[in-house]
Amino acid sequence: MTLGGDSVAEFLSVIAEAPDFATAAQFVCEQLAKFAGASRALLFTLDDDDSALALAACTGYGTDDAPALRFTVEHESHPLSYSVLSLTPLLCERGGREVALPFDDCLILPFPQPQQKGSPPIMTEQRLRSAVPTPCRQLPQLTAPEGRRRIGHAPFAAILLEGASLHINADALAGAALLAGPVLARTQHMERYRQSAERLDEQRDLLTTIINSLPDPIVITDAATDIVVQNRRAEHLLSTSDLDSEGRRRAVEINNLLFTSYLSRSVIGGPRAQGGARELNLVDPDEGNDLLFEVLAHPLHESSRQGAFVSVLRDVTDLRRAVAELERQVQRGRLAEIDATRERDRLNLILENVADPILVTDDRSNIILMNPQAEELFQFDTHADNHARAAAVRGNDTKFTTFISDFTIGLANARREQMRLAQPATGAVLPVEVVSGKIMNARGEPMAIVSVLHDLTKQVENERLYEELKRFSSQLEARIRAATADLGEQNKRLQWSSRELQKANRLKSEFLASMSHELRTPLNAIMGYAALLADRIYGDVNDRQEEGLRRIHVSAQHLLALINDILDLAKIEAGKMPLHLAPVSVALVVAEISQQVEPTVRRKRLTFSTDLPGDLPVMISDETKIKQVLLNLLSNAVKFTNTGGVVVRVRIEGNVVRVDIEDTGIGIRPEDMEAIWEDFRQVDQSRTREFGGTGLGLSITRKLIQALGGSVRVESEYGKGSTFSVALPLQLSPRLASDVLHTEPLPLGESEAESDDAWAGVAASRLNLGASEPG
């Protein structure tokens, strides 16, 4: 069987269409054995780490007697290793088994693979000479020079053909192996990639199932606090669908604001704030109830996304309620314990007869017994010359005797009353509570009265402090009410001021939007008549007069550009900026704006390049607005770049067209990253600034991008350059356009102004003044 051109093409086609690597390897092994007339054949390939040659396919063996062979490639003098690593065909005759080959007589044909990163290198010429295999020999007619053998090839596999001799077309076999190697290697790589992708899909599905089965919301965010991954519980709190109600949408929007604010505080707080647990209040989108979460946020250090965080939100709402209720129960228990302790202390004092004064009186109110504490209040030394102490004791006795007399004649068996006694030793007032009980005899008649005097000094002091505190509380409440009323009045005034400001701003925007014709028509007339004078319609002009006309036209054109910026801003704010949707070719737009900045790029000696994919789809959007946005950003990049260059890159990311404009200009400071988007705002606000302009370019650009349903962001390093990235939808539907910006018919003044602008452009071309540099 011969191996010609058609058979080789068919041979390679079958390999390329094989469903897997094992099938392709088996087919190659069988076909080459058939072409060579070999009785048996073994196909070996390098394993994953390129350290050994493993058996991939065989032919000429039974189902159960296929050999399990494996050769390490570290022994370069082994014929199989030598042939694979040097991509050199070898012929072994009588002696193959001496070097551990499975056949005595065999032909070894190497299979190359395309050279790529990580591929094993081909043996150098010096190693080829030092590692000559025995007892095999090279086939001179099949051994290519070193340079030809190395170009684009790397070792991959080799086949051992038993019994193949030189009378066969070894050159054709080696050529077939040379061609089949890359195809077979590609099949193996694709199978490995497919297996790896399947394993990744299984792991991803398992991880998704595990995360979704957790009851706690889990969110992974990137450095811009945008949500990258979230489980179902987190989606319930932070995501909406088209079928959701307005109330749920508002609740989810509030949750996103609260969660984003929390992440921002965590980033600002540094590692201490990131590692610990913090509380976060969210809203239940379904019920509208407040939810309390304990957030555990940790940075993903091993993630490819710098600044990514994984946040686990534990719902502690019920736990917090239970803790609050438990605290209330504990507080009530403490109060009850205080009351019980007070009563217990009183009982102990009575039983032990040591804490309070105790007196026992008879039925005639005479004191017959008292303890030492009572003696200090109702007894004194008659021989001592202390009139103050004696007067205090007599006063105490009079008050107590009066109380006992009234109690004795009464019908009650117990009585409690407060009285104010005096300390005989110091003369201080002693508030006490007298608790008295009658002791009855067998006939039910009172025979004695036991009285216990409780010291109320602390209680009186507490009552005094309580009254003082209540008075202070009343004063504080009055002050709070007055302050609240004052804050209410101030809030009303602020709301009125805010409404007036909004009204004035709206009227200003509507006025400017409606005055576009009146503002631009005089300037267009100036430019037109200047063009007529320059064309010598009204007579000849000399060179100085022509230079003056050129300056008039340039100044008028600059002033018209400023007025157009202000009017564009006013029309956007007033909602009168119409969108005209039509098919747009991004490549043509980039080419047009590149031509417009080309004179400035050449004048400043900058490099300029564009990077566009060849299969850019057609957009459905407003071509004029897209040109204005990209020209504004590109003009700024050229304007603020003195050395280096500017690059425009276009990429398709799903249903979004992304345009990156990179420059090597002066860059933007971090503190100015937000200020550049404000109206009439430039980074350098001094009178001696190097770069001119109104400060409206980026403000109008962002508002136009938002009107087109897109977004813009900037990345910059001061002194090294900036990158402005614009993301626009491929298909801007009329409904989305009307939601973003109310589309209205073009007013009569607008059409007249546009015709004036066109007439001014014709006049400029007749003046041969050239394109002005974009601002």
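This report concerns the structure included in the present document. Only a predicted model underlies this, so the values are computations on that prediction, with no experimental measurement involved.

Now for the nonpolar core. With 44 residues, the main nonpolar core has M619, I626, I661 and F724 as its most contacted residues. Contributing elements (two or more residues each) for this core: α16 (586–604), α17 (623–639), β21 (645–653), β22 (656–663), α18 (697–707), β23 (711–717) and β24 (721–729). Per-element accounting of this core gives the leading share, 8 residues, to α17. With near-sequence residues (within four places) excluded, I626 lies in contact with V584, V589, M619, S621, L708 and L728.

Here the focus is the pattern of salt bridges. Across all of its chains, the model carries 35 salt bridges by this definition. Across the pair E162 and R40 runs a salt bridge whose closest N-O atoms are separated by 2.6 Å. In this pair, E162 sits in strand β7 (residues 153–162) while R40 sits in the loop between α2 (21–36) and β1 (41–46), placing the two residues 122 residues apart along the sequence. Exposure remark for E162: the relative accessible area of 16% places this residue in the buried category. Across the pair E417 and R415 runs a salt bridge, and its minimum N-O distance is 3.0 Å. A residue is classified by how much of its surface remains accessible, and E417, at 30% relative accessible area, is partly exposed. Judged by relative accessible area, which is 28%, R415 ranks as partly exposed. Among the charged side chains, a salt-bridge network with shared partners connects D611, R649, R651 and E662.

What follows covers unusual backbone geometry. The backbone of L87 shows a phi angle near 55°, a positive value even though the residue is not glycine. Within the secondary structure layout, L87 lies in the loop between α3 (79–86) and β4 (90–92). Relative accessible area serves as the criterion here: at 12%, L87 is assigned to the buried category. Not every positive phi belongs to a glycine, and R605 is a case in point at roughly 60°. Take R605: it is sitting in the loop between α16 and β19 (607–611). For R605, a relative accessible area of 78% gives the class exposed.

This part is about the environment of T600. Residue placement: T600 occurs in helix α16. Between the C-alpha atoms of T600 and K639, which are 39 residues apart in sequence, the distance is 8.3 Å.

In this fold, S365 is placed in the loop between β13 (358–361) and β14 (367–370). Of note is the side chain of S365, whose polar atom sits 3.1 Å from the side chain of S405.

In the contact formed by α2 and helix α6 (residues 170–213), the axes pass within 9 Å of each other and the chain directions differ by 170°. Classed by the angle they form, the pair α2 and α6 counts as roughly antiparallel. Across the interface between the two elements, F21, A22, A24, A25, V28, L32, F35 and A36 from α2 touch L173, A176, L184, T187, Q188 and E191 from α6. For the contact of α2 with α6, a count of residues per class yields 11 nonpolar, 2 polar and 1 charged.

Before going further, it helps to spend a moment on α2. Here α2 contains 16 residues, and its C-alpha end-to-end distance of 22 Å stays within 8% of the 22 Å for a straight helix at 1.5 Å per residue. For α2, every residue scored as buried is listed here: F21, A24, A25, F27, V28, C29, Q31, L32, A33, F35 and A36. In this structure D20 caps α2, since a side-chain oxygen of it lies 3.4 Å from the backbone nitrogen of A22. Where α2 terminates, the next one or two residues include G37, which has phi positive at roughly 70°.

Consider a sheet: its strands pair through backbone hydrogen bonds, and that pairing is either parallel or antiparallel. The 7 strands lie next to each other as β3-β2-β1-β7-β5-β4-β6, forming an open sheet whose pairing is antiparallel. Every other strand in the sheet has two partners, leaving β3 (70–72) and β6 (137–138) as the edge strands with one partner each. The pairing of β4 with strand β5 (residues 106–114) spans 3 bridges and is classified as antiparallel. Looking across to β5, one finds that C92 is bridged to C106. Each of β1, β2 (52–59), β3, β4, β5, β6 and β7 is contacted by α3, which is oriented at about 140° to β7, the strand it contacts most.

With respect to the element layout, N413 can be found in the loop between α12 (387–409) and β15 (414–422). Look at N413 and you get partly exposed, because its relative accessible area is 47%. Between the C-alpha atom of N413 and that of I449, which follows or precedes it by 36 residues, the distance is 9.4 Å. If sequence neighbours within four positions are ignored, N413 has contacts with F407, S436, G437, K438 and M440.

Reading the values: the criteria
- Residues numbered from 1 in each chain as written.
- Predicted model: local features only at pLDDT ≥ 70, side-chain atom pairs only at ≥ 80, totals over all residues.
- Heavy atoms only, no water.
- Core = buried A, V, L, I, M, F, W, Y, C linked by side-chain atoms within 4.5 Å.
- Buried < 20%, exposed > 50% of the residue type's maximum accessible area, 1.4 Å probe, protein only.
- Helix = DSSP H or I, 4+ residues; strand = E, 2+ residues; numbered from the N terminus.
- Contact = heavy atoms within 4.5 Å.
- Salt bridge = Lys/Arg side-chain N within 4 Å of Asp/Glu carboxyl O.
- Polar contact = N/O pair within 3.5 Å; in protein donor to acceptor, adjacent residues only side chain to side chain.
- Axes fitted to C-alpha atoms, helices over the stretch in contact; angles between N-to-C directions.
- Parallel < 35°, antiparallel > 145°, perpendicular 65-115°, else oblique.
- Nonpolar A, V, L, I, M, F, W, Y, C, P; charged D, E, K, R; others polar.
- Expected span 1.5 Å × (residues − 1).
- Pairing = 2+ DSSP bridges.

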